[in-house]
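# Structure assessment
The chain contents come next:
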Amino acid sequence: MSTAADPVPRAAPFPEYRGLEDAHLADRIEAVRRRMGERLVILGHHYQQDGVIAHADFQGDSYQLSKSAAERAGCEAIVFCGVHFMAETADILANRPEQVAARSGRRVTVVLPDMAAGCSMADMAAIEQVEDAWADLGTVIDTTDITPVTYINSAASLKAFCGRHGGIVCTSSNARAVLDWAFAKTKRVLFFPDQHLGRNTARTMGVGLDEMCVWNPHDPTLGGNPAEQLTKSRVILWQGHCSVHAMFKPEHVDAMRANLPGVKVLVHPECSMEVVDKADLVGSTSYILKQVEQAPPGTTWAIGTELHLVKRLEHNHPEQTVRFLSPVVCMCATMYRIDLAHLCWSLEHLERGRPVNVIRVDDETAQWALTALERMLAVR
Ligand code: 13P
Ligand code: SF4
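My aim in this report is to walk through the structure given alongside it, one point at a time. (Residues numbered from 1 in each chain as written. Chains lettered and ligands numbered in written order. Predicted model: local features only at pLDDT ≥ 70, side-chain atom pairs only at ≥ 80, totals over all residues. Heavy atoms only, no water.)

## Quick word on the site of ligand 1
Taken together, the residues surrounding ligand 1 are His45, Tyr47, Asp61, Ser62, Asn153, Ser172, His245, His268, Glu270, Ser284 and Thr285. With respect to ligand 1, the side chain of His45 contributes an N or O atom lying 2.7 Å from an oxygen atom. His268 is positioned such that a nitrogen or oxygen atom in its side chain is 2.9 Å from an oxygen atom of ligand 1. When ligand 1 sits alone it has 300 Å² of accessible area, and the protein chains cover 95% of it. A per-class count over the shell around ligand 1 returns 1 nonpolar, 8 polar and 2 charged. (Near = heavy atom within 4 Å. Polar contact = N/O pair within 3.5 Å; in protein donor to acceptor, adjacent residues only side chain to side chain. Areas by Shrake-Rupley, 256 points an atom, 1.4 Å probe, with all protein chains shown as cover. Nonpolar A, V, L, I, M, F, W, Y, C, P; charged D, E, K, R; others polar.)

Next up, the structure:
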């Protein structure tokens, strides 16, 4: 379980910050950054709005941000402009027991500027549900022959579950390498919470759809699967998804191809298999950025991932045509909760020594989650 120390009432200062102009908030944020210097690190995920990204020391995908947090053990505080699971991961990696001991017990304070910045996909797998599924699976198949793999978009307790059961964490940028690692150990994988990343990745490895099944945590009868389906499955996919990426549909790809001759369709692997099958390229947020950055002028793109990332690409690459794959707005509303007001509020309290929205994973959960995260970092 993760706990958050919040010594200042969450809503109290907001009227005072809410009314401020963005330019004024930006000045105050920069003033804190100057005064705190290297004691402070601000990390920002690619989906953050531009105004927030402008203040980040480092911008990246989930894997790069985890690595960055692991390497920032020298700072006093990490302010994470992302979502809750990312800040939990930063707390675990920046506060590895040997590093805390080397700092004479001092922890790196990890702050999430708005505690409501969660991830709807991460919320689709609760530890109790995963433990129940594991027990139920054990009635049909030998669980010593299953490696649990959790997408990093999950609570620390799920990462700890993987740590305890010989499992591992993956991100969208290393899912293939992680599944290779898992299949070198066991015949089967239980992949949660994102069925799409699991299915899309397993297919690239030659696992057939008939060797996969979907586990519905709300169905008490073996997750909705006949026992024979489970025994022949190599990949058991948790029935979870990203509500943002679920909005991209195969017909959007068809419409783009009809309207933009020569368009390259580039999507995130959290999109459904039907969308991925119609795309030209599939990869993590950093992969998506890299493809556009490296393409020659005049390239036309239709991109299926969060809106802020696509809009920034469109702005930064006027020499190319960048279009959003869906006709409707698909944005990560929880990521968007991190705004300048929350960032300024959390930074000013941090500087005064009264941090708000501190993310602190309890020691036991952190220890086992670290085991699964370190396995991932060793794979790539
Ligand atoms: P990346 O790991 O590709 O940055 O994706 C994170 C995420 O939450 C996508 O929805
Ligand atoms: Fe979670 Fe989807 Fe937002 Fe990524 S885009 S943080 S998976 S809700």
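The structure having been displayed, the exposition proceeds.
## Things to note about the site of ligand 2
Around ligand 2, the structure places Tyr47, Cys119, Ser120, Met121, Asn153, Cys242, Val244, Glu270 and Cys332. Broken down by class, the residue content of the shell around ligand 2 amounts to 6 nonpolar, 2 polar and 1 charged.

## What about the side chain of Asn357?
Topologically, Asn357 is positioned in the loop between helix 16 (340-351) and strand 15 (358-361). Judged by its relative accessible area of 0%, Asn357 falls in the buried class. A distance of 2.9 Å separates the side chain of Asn357 from the backbone oxygen of Pro113, its partner in a polar contact. (Helix = DSSP H or I, 4+ residues; strand = E, 2+ residues; numbered from the N terminus. Buried < 20%, exposed > 50% of the residue type's maximum accessible area, 1.4 Å probe, protein only.)

## As for the environment of Glu351
Positionally, Glu351 belongs in helix 16. The exposure class of Glu351 is partly exposed, given its relative accessible area of 30%. The spatial distance from the C-alpha of Glu351 to the C-alpha of Arg33 is 9.4 Å, given a sequence separation of 318 residues. Glu351 has contacts with Val32, Arg35 and Met36, leaving out every residue within four places of it along the chain. (Contact = heavy atoms within 4.5 Å.)

## Considering the packing of aromatic side chains
Applying the stated criterion across every chain, the model contains 4 aromatic pairs. On the numbers, 6.4 Å between centres and 65 degrees between planes, the contact of Phe161 with Phe192 is edge-to-face. Of this pair, Phe161 sits in helix 8 (residues 156-164) while Phe192 sits in strand 8 (residues 188-192), and the two are 31 residues apart along the sequence. Looking at Phe161, the relative accessible area reads 2%, which means it is buried. By relative accessible area, which is 0% here, Phe192 ends up buried. When the centroid spacing of 6.2 Å and the interplanar angle of 70 degrees are considered together, the rings of Phe192 and Trp238 count as edge-to-face. Of this pair, Phe192 sits in strand 8 while Trp238 sits in strand 10 (residues 235-238), and the two are 46 residues apart along the sequence. (Phe/Tyr/Trp six-rings, centres within 6.5 Å; stacked < 30°, edge-to-face > 60°.)

## With respect to the pairing of strand 10
Every regular strand shows the same layout, with side chains that alternate between the two sheet faces. Covered by surrounding structure in strand 10 are Val235 and Leu237 together with Ile236 and Trp238, the residues of both alternating faces. Pairing between strand 8 and strand 10: 3 bridges, direction parallel. Bridged to Val189 within strand 10 is Val235. With helix 11 (residues 227-232) bridging strand 9 (residues 212-215) and the parallel strand 10, this β-α-β connection has right-handed handedness. (Pairing = 2+ DSSP bridges. Right-handed = clockwise from strand over helix to strand, strands pointing away.)

## A word on the sheet that holds strand 14 (residues 321-324)
The strand order across the open sheet built from 4 strands is 12-11-13-14, with neighbouring strands paired in parallel fashion. Each end of this open sheet is capped by a strand with a single partner; those strands are strand 12 (281-282) and strand 14. Examined bridge by bridge, strand 11 (residues 264-267) and strand 13 (residues 300-304) share 4 bridges and lie parallel to one another. Bridge assignment links Lys264 to a residue of strand 13, and that residue is Trp301. Of the strands in this sheet, strand 13 and strand 14 are in contact with helix 15 (residues 307-316), which crosses strand 14 at around 160 degrees. (Axes fitted to C-alpha atoms, helices over the stretch in contact; angles between N-to-C directions.)

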